[in-house]
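A closer look at the structure
Given next are the chains, with one letter for each unit.
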Amino acid sequence: GPKVLQIPSHQIIDMGQMVTLNCDPVSNHLYFYWYKQILGQQMEFLVNFYNGKVMEKSKLFKDQFSVERPDGSYFTLKIQPTALEDSAVYFCASSLDGPEVFFGKGTRLTVV
Amino acid sequence: TQTVSQSDAHVTVFEGDSVELRCNYSYGGSIYLSWYIQHHGHGLQFLLKYYSGNPVVQGVNGFEAEFSKSDSSFHLRKASVHWSDSAVYFCAVSANNAGAKLTFGGGTRLTVRP
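Predicted, not measured: the structure shown is a model, and the values here were computed from it.

**A look at the nonpolar core**
In this structure, Leu33(B), Trp35(B), Leu47(B), Leu48(B), Phe74(B), Leu76(B) and Tyr89(B) are the most contacted members of the largest nonpolar core, which totals 27 residues. Of all the secondary structure elements, the ones that give two or more residues to this core are β2 (10-14), β3 (19-21), β5 (31-38), β6 (44-50), β8 (63-68), β9 (73-78), β10 (87-95) and β12 (108-113) of chain B. Beyond its immediate stretch of four places on either side in the chain, Phe74(B) contacts Cys23(B), Leu33(B), Ser34(B), Trp35(B), Leu48(B), Lys49(B), Tyr50(B), Val57(B), Ala65(B), Glu66(B), Phe67(B) and Cys91(B). Leu21(A), Leu46(A), Val47(A) and Phe61(A) belong to the second largest nonpolar core, which has 22 residues in total.

**Some points on the interface of chain A and chain B**
Chain A puts 18 residues into the contact, and the matching count from chain B is 19 residues. Interface of chain A and chain B: buried area, both sides summed, is about 1700 Å²; carbon and sulfur atoms make up 59% of it. Counting the contacts that link chain A with chain B gives 1 salt bridge. Of the charged contacts in the structure, one is a salt bridge between Glu56(A) and Lys101(B), with a shortest N-O distance of 3.0 Å. Run the count over chain A and chain B and you get 7 residue pairs in polar contact (both at pLDDT 80 or more). Secondary-structure elements contributing two or more residues to the side of chain A that touches chain B are β4 (31-37), β5 (43-50) and β6 (53-57) of chain A.

**Considering the pattern of salt bridges**
Residue and element names in this part refer to chain A. Applying the stated rule across the entire model yields 7 salt bridges over all chains. With a closest N to O distance of 2.9 Å, Asp86 and Lys62 form a salt bridge. Separated by 24 residues along the polypeptide, Asp86 in the loop between β8 (75-79) and β9 (88-95) and Lys62 in the loop between β6 and β7 (65-68) bring together distant segments of the chain. Accessibility expressed as a relative area gives 23% for Lys62, which makes it partly exposed. Salt bridges here are not isolated pairs; linked through shared partners, they connect Lys62, Glu85 and Asp86.

Cut-offs applied
Residues numbered from 1 in each chain as written. Chains lettered and ligands numbered in written order. Predicted model: local features only at pLDDT ≥ 70, side-chain atom pairs only at ≥ 80, totals over all residues. Heavy atoms only, no water. Core = buried A, V, L, I, M, F, W, Y, C linked by side-chain atoms within 4.5 Å. Buried < 20%, exposed > 50% of the residue type's maximum accessible area, 1.4 Å probe, protein only. Helix = DSSP H or I, 4+ residues; strand = E, 2+ residues; numbered from the N terminus. Contact = heavy atoms within 4.5 Å. Buried area = accessible area lost by both parts, 1.4 Å probe. Salt bridge = Lys/Arg side-chain N within 4 Å of Asp/Glu carboxyl O. Polar contact = N/O pair within 3.5 Å; in protein donor to acceptor, adjacent residues only side chain to side chain.

What follows is the structure, given as structure tokens:
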């Protein structure tokens, strides 16, 4: 089936540094999302994105976070600067229209 | 405000048993209800959804879910589980518009013993 690819699968970064998480969504999808999952806890919505713009962002989407999809390529989540509490698994997702959303395998971010 | 509650954090059954994973929600307005499965180390995979019509919806791999407006519930069921069904199951609600965010419950970890 359709796949969302996330690169890298693991990333370790020093606190205060910048990190960019990359996502290659399903090719014909129009809507893109980032979710955050802390081990053993539930999946939390961060942001959704359509037609080059943020649709909605949650309280977890701090000012240090930004998303973009330049030239229809990777959909990226940038965190600058990172903080210890940003350690989590970040899932990218995409959808065509309805609630059937396709998720990537996640990027485990460890901030040390 | 959308909230989703999955009352059981862990469910353990034997292979061949039936199972019901419970989901209750609160939301004002027209919504989609859906279930996702997460195998260890993977992202979520869509199982099924409900918006309107027949309250019992069929999904992949023999899963079905039943919507109840009176109970504000959308429980997931399977008549005979297989060891490969061991995973975390998430119930979710979303508004009835394209690209709407999913609000997830806390998840239920299903363990199927051989």
